[in-house]
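# Architecture and fold: a report
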Amino acid sequence: MHKSSHGGQKRAQEIVAVAKTHGGEVAARHYEFAIEHIEMLKKYENLALRFKGRGLASYLQLARWATPALWKLPPGLDFEKLRQCVNMLKL
Amino acid sequence: MSFVAKGKPLIGVVDLAMSGWAAGGIVSRTMALSLHAVGANVVFLTAHPETAPGCLKTVKLSEPTYLPGEWTLRKWSGWKKSMTAVGARRAGVDVILPDVEALGSPSLRAVGWIPDFQHLHLSDLFSKEQKALLNRAFKKLAARSARMLFSSQDCRRDYVETFPAFAEKASVASFPSLFAFEPPPEVVVAVREKHHLPERFLLVINQFWRHKNHRVVPEALAILKARGLEVPVVMAGLPADHRDRHNEALTETLQAATRGNVWPQCFILGKVPREDLVALLQTAVAVVQPSRFEGWNTTLQDAKAIGCPLMASDLAVHREQCPQALGFFPPDDAAALADIIAHCWPSLPARPDPTRQRAALAAEAEFAQAYGRQVGNDLRRGRSMTSLPKITVVTPSYNQGAFLEQTILSVLGQLYDNLEYIVIDGGSTDDSAAVIQRYESSLAYWVSEKDRGQSEALNKGFSRATGDILCWLNSDDFLLPGALHEVARQFREPVDLIYGNCLSFSDKGTRSIVNRPPQHDRDLLALVDYIVQPSTFWRRSLWEKTGPLNEAIHYAFDWEWFLRADRIGVLRKADFIFSAYRFHDA
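Below is a summary of the structure that appears in this document. Along every chain, residues carry numbers that run from 1 in the direction the sequence is written. Chains and ligands are labelled by the order in which they are written, letters from A for the one and numbers from 1 for the other. In keeping with the model being predicted, local features are shown solely for residues with a pLDDT of at least 70 and side-chain atom pairs are shown and tallied solely at 80 or more, while totals for entire chains, interfaces and linings include all residues.

This next bit is on the pairing of strand β10 (residues 266–270) of chain B. All names here are of chain B. For strand β9 (residues 233–236) and β10, the ladder comprises four bridges, and the chain directions are parallel. When the bridges of β10 are listed, M235 appears paired with I268. Here a crossover is taken to be right-handed if, once the strands point away from the viewer, the path from the first strand over the helix to the second is traced clockwise. The helix and strand labels rest on DSSP assignments: H or I over at least four residues marks a helix, E over at least two residues marks a strand, and numbering proceeds from the N terminus. Between β9 and its parallel partner β10, the chain crosses via helix α9 (residues 248–259), and the hand of that crossover is right-handed. Two strands pair if DSSP finds at least two bridges between them.

All names here are of chain B. Reading across from one edge, β10-β9-β8-β11-β12-β13 is the order of the six strands in this open sheet, with parallel pairing throughout. Each edge of the sheet is formed by a strand with only one pairing partner; in this case those strands are β10 and β13 (327–329). Strand-to-strand twist across the sheet, computed as the mean angle between neighbouring axes with direction ignored, equals 20 degrees. Bridge count for strand β8 (residues 202–205) against strand β11 (residues 286–289) is two bridges, and the pairing is parallel. Paired with L203 across the strands is V287, a residue of β11. Each residue gets a C-beta atom placed from its backbone, and two residues are in contact if those atoms lie within 7 Å. Helix axes use the C-alpha atoms of the stretch in contact, all axes being lines fitted to C-alpha atoms, and the angles between their N-to-C directions lie in the range 0 to 180 degrees. Sheet contacts for helix α13 (residues 334–344): β11, β12 (310–313) and β13; angle to β13, the most-contacted strand, approximately 160 degrees.

Another point: the interface of chain B and chain A. In this assembly, 16 residues from chain B lie in contact with 18 residues from chain A. For the side of chain B that touches chain A, the secondary structure elements donating two or more residues are α19 (522–527) and α21 (557–568) of chain B. Take the side of chain B that touches chain A: its biggest share by element is three residues, from α21(B). Each residue is assigned to one of three groups, with Ala, Val, Leu, Ile, Met, Phe, Trp, Tyr, Cys and Pro labelled nonpolar, Asp, Glu, Lys and Arg labelled charged, and all others, Gly among them, labelled polar. A breakdown of the residues in the side of chain B that touches chain A according to their chemical character gives ten nonpolar, four polar and two charged.

What follows deals with the packing of helix α1 (residues 8–36) of chain A against helix α4 (residues 79–89) of chain A. Residue and element names in this part refer to chain A. Running from amino to carboxyl end, α1 crosses α4 at an angle of 170 degrees, the nearest separation of the two axes being 12 Å. It follows from the interaxial angle that α1 and α4 lie roughly antiparallel. Contact residues: A12, I15, H30, Y31, F33 and A34 in α1; K81, L82, C85, V86, M88 and L89 in α4. A per-class count over the contact of α1 with α4 returns ten nonpolar, one polar and one charged. Our angle categories are set so that under 35 degrees counts as roughly parallel, over 145 as roughly antiparallel, 65 to 115 as roughly perpendicular, and the remainder as oblique.

These results come straight from atomic positions and should not be treated as a statement about function.
Right, here's the structure in full:
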């Protein structure tokens, strides 16, 4: 059954393919980076959630600081867009 | 069950007593009986047909039975309201009235009724939130109704000032007394003996709520007593009101009687049986109505109908309703009321007065006929209907028998007149086919055979679609009430695809949230699919231009198609919760 929470890797591959065909170069690069660094991005999201749970106002910045590998992104990549890609992939 | 009569629309009169509103119930009955009396094709919509007037055809309304237990959805979907609309549609009703719940839709005409705008006039009795809630509800009612009916010119004026945009829908039809159809007995019940009442007395019939202003009556009695005139007054009516938690109205009245030392003249009966109430009206020498505000008062109308003299507070609506009253007094002016009583009391004849009652009842019967004709004319004026675009819903299904029936009922339960519903099952091995068969008479097409996945199943369904507007609904999701009518409304605008909000809920009932996607942003859609599929609808012309779903894609085919659609058509967000999306493990 088609549910956005189902499909795992197969679904992720389809999303990247659709992004490449219709979304253009920028979307495709974001998805490629997101898939390659998915564990790190998930770690960032978990940290952000934990900081938010503790009532820290700047939980997003704190989580970013606590994930050094995400401090510097390749040129042309936007961090917020990456987060949206991760959310879409649901891996 | 069919009530269709050739050439006459079927009018469904809603029994407002169902919600425990006794006065509303009387309005419903008089409305139904008046229309019936002038030959209209009327059916009475009620949960209690045994209480309906015998001459009327009735339709029993019941609680909806589908989607049991899912309280979150009930909360979101205005569940109770739809039960009246469902009952009306099943009976083939063309127009429904008096509508107080905004039941009107493009496929079910409704005539709205607002009893009064009390919250504008007695602002101190309502909280800010209550006033805002009433204004919103009345505005919605005005927007959805084909016509708006008011019981008095006074009420109509309030409406026109408050909602000038809907002013042209307004008309006035002042309802008659129920006595026009159910006259009181010629032999009057011995109510004086039963309650140990004096030979001559004034009568106040009102529930004890603050705006009914009982207090002014014992105050007037005290003034009269000081002048040497002792006038007995009987007060009947429920001695409580849910809006008056501390029973202040009754307390004020009792204290006024004590202060003025007029206790022996005050007979506070509280709520009495209907036959006693009728007998009191037949026996009292006059009725006093001291209210601070009214829309159209049933007690005054009843009193008029049997020829009982009246004294009323000086409200525009009272002057409109009973121009022949013995006198009008400012609502809080006990001295003015005392003057009127002092002037009239000595000459008021003893009652009952059968001759006067017969003449008054004959006049009331004529008034009721005129009312029936007036309402009938309004129904004719509001008859113009917007034609509904044809909407095709395709449901692909595979082994979702546990949820499929809810999905089907949510589509058929929309009561959308121009619906084409197609179900494509992929050869399920559970009871899906049996479920579909139960509803096959309502389906335009269905099949159960193996396919290569959901996108192929959907394309198969859309290849048979003939609707102007298309959508699909998975077999575990469902549409919320009113969704398709809202879709029809949205597509009056020049737009090719609309997407709306969606109630996402977990199957176990542990989580629910309204997913509100952003306004359309082409760049954002190129990056992520924010369009919620079950709340998305598009024109057939768009589908024809984009071509079908890509069957090579099994998970992201909806996003891929939305992206193609975005290149060709105009996409727009509609701020409405169209559907419910189920998270589950199956």
